[in-house]
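Inside the fold
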Amino acid sequence: MFIRRLGASVAASVAVPAAARSGGLAPADPGGGGATVPAQGASPATEPGLGVAQAGWPVPDLGSPVDLAPASWIWLPSERTLAATFVLFRRELEVAGTPVSARGWVSADSRYRLWVNGRRVQFGPAPCDPRRLEVDPIDLTSVLKPGTNAVAAEVLFYGHGEGTWPLGKPGFLFALRVEEQDGAVQQIVSDERWQVLLDRAHPPGQYKRWYLRALQEEMDVRLRPEGWNEPGFTPGEEWLSPLVLGGGADRPAAASAYYEYLTDGGVDPGTSVLVAREVPLVRETARPVLRLLQSGRIHWRRDPDDWFEFRMPGSFELVEGAVAFPSGDGAWTLDPRRGEGVWALFELAEQMVGFPFFTVEAPAGTIVELMTQESHSEDNPPWLDTHFHSWSRFVCGEGESRFEAIDYESLRFLQIHVREASGPVRLRDVGVRRRSYDWPRPPHFHCDEPPLQRLFEASFNTLVNAAQETIVDGMGRERQQYSGDVSHMLHATRLVCGDWDLARRFQHTFALGQTHEGYFLDCWPAWDRLNRIAQREVGATPWGPLLDHGVSFIHDVWRHHEETSEIDIAQELYPQLARFARYLLDGRGRDKLLPVDGWGVPAVWMDGPACFQRQRHKQCAFNLFTAGVFQRALVPLAELVGETRDAVNFRASADAILSATVRTFWSTKRGLFVSNLPWFTEEGGEARLDDRSLATSLLFRQCPRGKTDSTVAALAEPSAELGLSYPANAHWRLQALAYHGRIDVVLRELRYRWAALRSVLENNTIAEQWEPRPDTTDQWSHAAVSPLFMLFMDIAGLRPAAPGYQKVNVRPQLGDLPALELTLHTGLGPIAFQSEPEGEGHKVWLTLPADMEGELRLPSEAPTELRRLGVIRSLGLSRYALPSGETVTFEAPGA
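All of the points below concern the structure found in this document. (Residues numbered from 1 in each chain as written. Predicted model: local features only at pLDDT ≥ 70, side-chain atom pairs only at ≥ 80, totals over all residues. Heavy atoms only, no water.)

1. Comments concerning the overall build of the protein chain
Condition: Labels follow the DSSP assignment, with helices taken as runs of H or I lasting at least four residues and strands as runs of E lasting at least two, numbered in each case from the N terminus. Note on classification: 1.4 Å probe, protein chains only; a residue is buried when its accessible area is under 20% of the maximum for its type, exposed when over 50%, partly exposed between these limits. Note on contacts: a residue pair qualifies if any of its non-hydrogen atoms lie within 4.5 Å across the two residues. His is not counted, nor are the chain ends; Lys and Arg add positive charge and Asp and Glu add negative charge. By convention, the point assigned to a charge is CZ for Arg, NZ for Lys, CD for Glu and CG for Asp.
Secondary structure summary: the protein chain contains 16 helices and 38 strands in total. With respect to the principal axes defined by its C-alpha atoms, the protein chain has extents near 80 × 65 × 60 Å. Relative to its full complement of 895 residues, the protein chain shows a buried share of 64%. Intrachain contacts of the protein chain at a sequence separation of at least 6 include 73% that bridge at least 24 residues. Charge separation in the protein chain, taken as the distance between the mean sites of 89 positive and 114 negative side-chain charges, equals 5 Å.

2. Remarks on helix α16 (residues 786-795)
For α16, the tally of buried residues reaches 10 of 10 residues, placing the bulk of the element in the interior. All of the buried residues in α16 are S786, P787, L788, F789, M790, L791, F792, M793, D794 and I795. With its phi angle positive at about 75°, G797 sits one or two positions after the end of α16.

3. Describing the environment of L197
Position of L197 among the secondary structure elements: in strand β10 (residues 195-198). Taking the relative accessible area as the measure of exposure, L197 reaches 8% and is therefore buried. Here the alpha-carbon distance between L197 and W75, two residues 122 residues apart in the chain, equals 9.5 Å. In contact with L197, other than residues within four places in its own chain, are L76, F86, V87, L88, P225, E238 and W239.

4. Section: unusual backbone geometry
The omega torsion of the bond from A69 to P70 falls at 15°, within 30 degrees of zero and hence cis. As for its placement among the helices and strands, P70 is situated in the loop between α1 (52-55) and β1 (74-75). Between G124 and P125 the backbone carries a cis peptide bond, its omega angle lying at -10°. Within the element layout of this structure, P125 appears in the loop between β5 (119-124) and β6 (132-139). The backbone of R311 sits at a positive phi, close to 55°, despite the residue not being glycine. You can see R311 is positioned in the loop between α2 (304-310) and β16 (316-320).

5. Brief notes about the nonpolar core
Quick note on the threshold: Working definition of a nonpolar core: buried Ala, Val, Leu, Ile, Met, Phe, Trp, Tyr and Cys residues. They are joined through side-chain atoms within 4.5 Å.
Formed by 208 residues in total, the largest nonpolar core has its most connected members in F172, F174, L584, W754 and L846. At 13 residues, helix α9 (residues 618-640) tops the list of elements feeding residues into this core. The contacts of F172, once residues within four sequence positions are left out, are S72, W73, I74, F89, V106, S107, A108, A153, V155, S190 and W194. One finds A344, M352, L411 and V425 within the second-largest nonpolar core, a separate group that totals 29 residues.

6. Some points on the sheet that holds strand β37 (residues 877-882)
Applied cut-off: Here, a strand pair is defined by DSSP locating no fewer than two bridges between the strands. Interaxial angles span 0 to 180 degrees and are taken between N-to-C directions of axes, which are lines fitted to C-alpha atoms, for helices over the stretch in contact.
Spatially, the five strands line up as an open sheet ordered β30-β31-β35-β37-β36, and their pairing is mixed. Each edge of the open sheet is held by one strand with a lone partner, namely β30 (798-802) and β36 (868-872). Between one strand axis and the next, the sheet turns through 30° on average, direction left out of account. Where strand β31 (residues 807-810) and strand β35 (residues 853-859) come together, four bridges link them in parallel fashion. Looking across to β35, one finds that N809 is bridged to E855.

7. A look at the side chain of E217
Operational definition: Salt bridge, as used here: a side-chain nitrogen of Lys or Arg that lies within 4 Å of a carboxyl oxygen of Asp or Glu. By the criterion applied in these results, polar contacts are pairs of N or O atoms within 3.5 Å in which, for protein atoms, one can donate a hydrogen and the other can accept it, and in which residues neighboring in sequence qualify only through two side-chain atoms.
Mapped onto the elements, E217 comes out in the loop between β10 and β11 (218-220). It turns out E217 is buried and unbridged, and the closest side chain with the opposite charge, R113, is 5.0 Å from it. A polar contact is formed between the side chain of E217 and the side chain of H202, at a distance of 2.8 Å. A polar atom in the side chain of E217 sits 3.1 Å from the backbone nitrogen of I406. Apart from the residues within four sequence positions on either side, E217 is in contact with H202, W391, S392, R393, F394, A405 and I406.

8. Re the pairing of strand β23 (residues 409-419)
Counted residue by residue, β23 has 11 buried out of 11 residues, so it is predominantly covered. Taken together, the nine bridges between strand β19 (residues 340-362) and β23 define a ladder with antiparallel strand orientation. The partner of V353 across the bridge, within β23, is S410. Where strand β20 (residues 367-373) lies against β23, seven bridges are found, and the strand directions are antiparallel. The partner of Q373 across the bridge, within β23, is F413.

9. Regarding the packing of α9 against helix α11 (residues 691-699)
Spelled out, the test is: To sort the angles, those under 35 degrees are grouped as roughly parallel, those over 145 as roughly antiparallel, those from 65 to 115 as roughly perpendicular, and the leftovers as oblique. We call a crossing left-handed when the near helix sits turned anticlockwise from the far one by less than a right angle, and right-handed when that turn is clockwise. Gly counts as polar in this scheme, as do all residues outside two lists: the nonpolar Ala, Val, Leu, Ile, Met, Phe, Trp, Tyr, Cys and Pro, and the charged Asp, Glu, Lys and Arg.
As a packed pair, α9 and α11 sit with axes 8 Å apart at the nearest point and diverge in direction by 25°. Compared by their axis directions, α9 and α11 come out roughly parallel. For the pair α9 and α11, the sense of crossing is left-handed. Across the interface between the two elements, C620, A621, L624 and F625 of α9 pack against R692, S693, T696 and S697 of α11. Taken together, the residues of the contact of α9 with α11 break down into four nonpolar, three polar and one charged.

Below, the structure written as C-alpha cells:
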C-alpha cells in the first residue's frame, strides 16, 4: 500500500504515519534518510483565526479581512527603497516563565524570514495580489523561553516584478499576544519601539536574476552584525527607530503613502484589504544531498563576474579530478589553489523545491557561489550555471558560516564553487529545506506494476513541487499561477489529497486578475502579464493574456463545485465569469466564430507548435472548447446561482459557436473536425488534425449526429497529420479515449510513453516536454500530473454524478493491470477501491461512504448480482445500483 505524507520521499512505496497537521514534525525521508525540521508554525486550516480571538482581534475565516491594530506597518526610515533591499528588524521581550500561548500574525512586502532567539521560524507571505495581501499565523508558544527573548525578521523588498510578486511597497507588520502562567498578557506589535537596520550584507539595488526572478542573491556575512537576531545583542548607533507607515493595519503595505520610486504607483486604500492566510503554512523538511557526484578545479581566464553577470564566452576552463574529499565526519575538505576555484557537484534523491543550504569553514573573504539545476548529465560539462542564472553568492567570514538561500529553488543538483580562499575549506550539511503543502489526507495509491507505480509516484512528486501556495507550471522557470494547462492539478489536490483550501485560494487569487476590459490575466498574481500588456501594445511580444486560460477558469470553477458541492465561490465569482463570457462573445467575427488573432492585447494559446503548425489552426479547438465549457460549465453555473436568463442566453451562444464550428471545420467526408479545412487547398491539400479539437469534440459530445468512430480512431492511432499536445494538455486525448472505452490505448501510452520519460526515471517528476534536455532551461518538474488523477477518475473510474460526490458513477476500466488499490477523498468520506486480476477480468472491492449514492457502469455482458438500472447504449454500458456504507464485490472485465 502506498501511503504518502507530504514531505516524505516518493522514491519508494512506504507507509508513513500521518503527522499532526499543526505543530508536528514532517516524517523522515524514507528514500534518502535525513533530518527533519519543525513544520512552519501551525495551520490556520485546523485552527481558524489562530490565536486572534484571545488577543482581542476579530476571528477571521480563511481569507477574510484582518485588522491588526494597534500594530502598524513599519520600515526603514527613508525616502526611497532600492530593489532587492534587505532590512533587519528586532525587538526584545521579557517572559516570566514558559508561556501558556504566544500567537499572532506576521506579514511583509515582499518576503520575510522570521527568527526567534536566533532560530529560523517561518518564511512568507504566499504570493498574492498586492490589493489583497495575506498575513500569516504564527505560534511561538514553544519557541519563547523564560527571560529575555529576541523576535527578529529580515525583510526583502523585491522592487522588480517577478513570477511570485506583481508589485507593491515595502513594509513589515507583526502582532503577537503572549499569555503567561500567572494570567498576565502582553502584546508585541510592530511600532516605533522596534529597531531597524539596513542590511548591507545584501547589497541594495542588486540586479534581477532574470525576467521572472527578482533576486540574484549576494550576501557578505562579514557585513551582517553577529548575533543580531539573538537576545542580549547590543545594537550600535547604525540601528534606528523604524519609520511608521500610514495606511492602517487592515490594509496592505502597498496602500501606504510611502513613495515607491521604481513604479511610481501603489494600490487604492479604499479597495485593498489585509486578509488571513487562505491555506496551511507550508511544511519544511531538511533533505540532505544524496551524494557528492563530482568535483574539480576551474581556471578563470577572465574576472569571474564577467561570467556570472554577463556569461562572456571563454571566461573559464573546467578541470575535472577529485578535489573534495570526505573527512569522515560527514564533511568534505576542499583544497583550493591561489588564482583558481574549486567546485563540488552534489545530487539529491529526487527533484524538489526548497531553500538550498550548506555550512562552510573557510578563511574570511572566501567567495562561494551556489548553483542549482533541475537536471544534469554526466555526459555534459560539470558546470550547473546553465539554468536562468540560478546562482547565489556568499562571502565568508572567518571560521564557520551557515548559509541558506532566502528564496526557494526547484532542483535536483546543486554545485558549490569556491574561490578567493587563502587556505583549506570544509563543507558540511549540504542540502535543501524542502517546501511542501500540508495535505490533510495521506495520499494512498498502489499499482503492482512497478513502472506504472513509479509513474504515479512521479506524478505526485510533480504535484508536490508545483502545488504549494499557488498552482504553478513549474518552480524552476516562472513560479507563476495559471489556469489552462496547469489547473488540472486541482483534481489531484481535491480527490487524491483531500484538500479544498488550495483550490479555493486558486480561484480567489486568479479571479483578482480580471482586467477592466473583462479578460483575465492568465498567470495572476504575477508581474508577467502586467508587463506583457505594454509590450503587446507596441507589438513587442506574442505573449498576451491567454483567452483560452480564461475559458478554462470557468471550467475550474464548475469542476470545483462538482467535486466539493461548495456553492459560495461560484456565487462570488459568477459575475466575473459572465463578464468574461460576454467579452468573448463580443469578439466574434461575421462567421460567428471566435478569432484566434486580432484581439489586441490578449492572445490564444491552446497548445504549442507540435500540436498546431499555424496559429489559425487553433481556431477549431478554441471554438469547440469555448462552446463546450459554456454548455457544460457556464450554463450550469448560471443556473446554480439563479441567473436563468443568462443560462438561456449562454446556451444559445454556445450552440451558435458550435454550429459555426461544425459548418467551418467538420469534414463530412472524414467524419471528424479538420483543423485547416478552410485553408486545405491553400496549404497544399494536406489535412491537419489536432488532439485538442478531437478530444474536445468527444468529451463535450460535439460530433454531429453522434458520429464519433473516426474521431476515436484518429486519437487511438495517431498519424502524421495529427498534432499532439505537450504533456500538460495530453490528458484531454487520453480521457476522451477512456470515455469511449479505449483504455487499452491509455494504458499503452502510460506504460510506453509516460513511464519511459527521462524525467520520471531520473528525477521522479514529469517534465514540461516529452524529451527534456539536461543542463538547459528545460523544466523537468512541470504541471502534467494527469497520470495520477486519471488513475482515480478514468482507470478506477470514480467520477461525481452529483455535486460533492453525493452520488458517484463508478466505471472501472482496468485492462490488463495487475492489483490496484487507492482511496479517493470526498466531503462525505473516503471511497476505497481495490482490484485484483481474476480469470479474464478483475475482482473489485469498493466501499462508499454511508451517505453516498452510487451507480456502477459495466459493459453489458459483464456478470453481476447488483440491481440493474438501465443501459447507456452509445457506450454499450449497463447501469447498476451500488449500496452505501458497505463493501461490495463485483467482477470487472479485463482487456
